[in-house]
Amino acid sequence: MKPRLLFATTNPGKLRELRGLVGDAVEVVSLSDLPPIPEPVEDQDTFEGNAEKKAREYAEATGLPALADDSGLCVDALGGRPGVYSARYAEGSDKARYEKLLGELSGVPDDERTAAFVCALCLALPGRGRAIIEVGRCEGRIGHEPRGSHGFGYDPVFVLPQGKALAELTSEEKAGISHRGVAFRKMRPHLLALAGGSPVGG
Ligand code: IMP
């Protein structure tokens, strides 16, 4: 029988990306497919810590192998901020958050505007001690004004080394290079091992 995996998200884009990656080998369900489960508090100070906390709590709550992610934007000139606080960096919309970022970086020259999106993914099995963590990064720098209409969050102000803003890429192009895409592809063998009956994580 096909193993079931809970991907602890309600984001349809992330779910589609994961399903594309594991194909038919694993039945991926999301939080939207299950009765409501109390949401773990993301109170750790690293992406890995938050992803692991979520994956372990969801695995225990459901009895299913659980995959959870945490991601954000780390800006070198701000000592790595907003980091794990990326979603809470400013009240209101994505636009309010990237405008605050552009404000904080006003006057900072191009070569000091380096930044990276980081995504930590954690796979936890119910009742098991060990959890598997994979991290993906996408390097770039913060531009001076928003560009492009795709994506979400800080995409319009995140400029890739090739010169385009992330928001100027299609979702397929973004998945090929994004922090989340990199982390998903690193996690893929561990997810496929669920189907092979291998003792994931030992
Ligand atoms: P989450 O971990 O997916 O909830 O993301 C946390 C926050 O980091 C989001 O609310 C965005 O502000 C930011 N973020 C994470 N990934 C991306 C991305 O691919 N593009 C733009 N912003 C992102």
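Residues numbered from 1 in each chain as written. Predicted model: local features only at pLDDT ≥ 70, side-chain atom pairs only at ≥ 80, totals over all residues. Heavy atoms only, no water.

## Some words on the overall build of the chain
Quick reminder of the rule: Strands here mean DSSP runs of E at least two residues long; helices mean DSSP runs of H or I at least four residues long; both are numbered from the N terminus. As defined in this context, the radius of gyration uses C-alpha atoms, and a globule is described by 2.2 Å times the residue total to the power 0.38. We call a residue buried when its accessible area falls under 20% of the maximum for its residue type, exposed when it is over 50%, and partly exposed in between, using a 1.4 Å probe and counting protein chains only. Note on definitions: a residue-residue contact is assigned when non-hydrogen atoms from the two residues lie within 4.5 Å. Accessibility throughout is a Shrake-Rupley quantity obtained with a 1.4 Å probe, and a residue counts as covered only by protein chains that appear here. The positive count covers Lys and Arg only, the negative count covers Asp and Glu only, and His and the chain ends enter neither. We put the charge of a Lys on NZ, of an Arg on CZ, of an Asp on CG and of a Glu on CD.
Scanning the chain from terminus to terminus reveals five helices and six strands. The linear arrangement of helices and strands in the chain, starting from the amino end, is β-α-β-α-β-α-β-β-β-α-α. The C-alpha radius of gyration computed for the chain amounts to 17 Å, which stays within 12% of the reference 17 Å derived for 202 residues, consistent with globular compactness. C-alpha atoms of the chain, sized along the principal axes, occupy 55 × 30 × 30 Å. Within the chain, the fraction of its 202 residues that count as buried is 48%. A separation of at least 24 residues holds for 58% of the contacts in the chain among residues at least 6 apart in sequence. Counting every atom, the chain has about 9,900 Å² of accessible surface; 51% of that belongs to carbon and sulfur. Across the chain, the 25 positively charged side chains and the 29 negatively charged ones have centroids separated by 3 Å.

## Here's the deal with the site of the ligand
Test applied: For this description, a residue counts as near a given molecule or strand if any of its non-hydrogen atoms is within 4 Å of it. Whenever two N or O atoms come within 3.5 Å, that pair is a polar contact, provided that in protein one can donate a hydrogen and the other can accept it, and provided that, for residues adjacent in sequence, both atoms are side-chain atoms.
Residues in contact with the ligand amount to 14 residues; listed here are only the nearest, Lys-14, Ser-71, Asp-155, Lys-174 and His-179. One nitrogen or oxygen atom from the side chain of Lys-14 is found 2.7 Å from an oxygen atom belonging to the ligand. One nitrogen or oxygen atom from the side chain of Asp-155 is found 2.6 Å from a nitrogen atom belonging to the ligand. Protein coverage of the free-state accessible area of the ligand, which is 480 Å², stands at 85%.

## Overview of the environment of Arg-185
With respect to the helices and strands, Arg-185 occurs in helix α5 (residues 179-196). The exposure class assigned to Arg-185 is partly exposed, which follows from its relative accessible area of 39%. In sequence terms Arg-185 and Gly-136 are 49 residues apart; their C-alpha atoms lie 9.0 Å from each other. Non-local contacts of Arg-185, meaning those with residues more than four positions away in its chain, are made with Leu-21, Ala-175, Gly-176 and Ile-177.

## A few points about the packing of helix α1 (residues 12-22) against α5
Filter applied, for reference: Between the N-to-C directions of two axes lies an angle of 0 to 180 degrees, each axis being a line fitted to C-alpha atoms and, for a helix, fitted only over the stretch in contact. For classification, angles of less than 35 degrees are called roughly parallel, those exceeding 145 degrees roughly antiparallel, those between 65 and 115 degrees roughly perpendicular, and all remaining angles oblique. Take the far helix as your reference; a near helix turned counterclockwise from it by less than a right angle gives a left-handed crossing, and one turned clockwise gives a right-handed crossing. Three categories are distinguished: nonpolar for Ala, Val, Leu, Ile, Met, Phe, Trp, Tyr, Cys and Pro, charged for Asp, Glu, Lys and Arg, and polar for the others, with Gly belonging to the last.
For the pair α1 and α5, interaxial distance at closest approach is 10 Å and the crossing angle is 45°. Between α1 and α5, the interaxial angle falls into the category oblique. Note on packing geometry: the crossing formed by α1 with α5 is right-handed. Between α1, through Lys-14, Glu-17, Leu-18, Leu-21 and Val-22, and α5, the contact on the second element is made entirely by Arg-180, Gly-181, Phe-184, Arg-185, Arg-188, Leu-191 and Leu-192. The class makeup of the residues in the contact of α1 with α5 is six nonpolar, one polar and five charged.

## Regarding the pairing of strand β3 (residues 66-75)
Cut-off, in case you're wondering: Here, strands pair whenever DSSP counts at least two bridges between them.
Counting buried positions along β3 gives nine out of ten residues, so the element sits mostly inside the fold. Bridge count between strand β1 (residues 4-7) and β3: two bridges; the pairing is parallel. Its bridge partner lying in β3, Phe-7 is registered against Leu-67. Relative to strand β4 (residues 114-124), β3 is paired through ten bridges, and the arrangement is antiparallel. Paired with Asp-69 across the bridge in β4 is Leu-121.

## Section: the sheet that holds strand β6 (residues 158-159)
One open sheet accounts for six strands, arranged β2-β1-β3-β4-β5-β6; its pairing is mixed. A strand with exactly one partner marks an edge of an open sheet, and here the two such strands are β2 (27-30) and β6. Packing against the sheet, α1 makes contact with β1, β2 and β3, and its axis sits at approximately 170° to β2. Strands β1, β3, β4 and β5 (131-142) of the sheet are contacted by helix α2 (residues 47-62), whose axis makes an angle of about 160° with β3.

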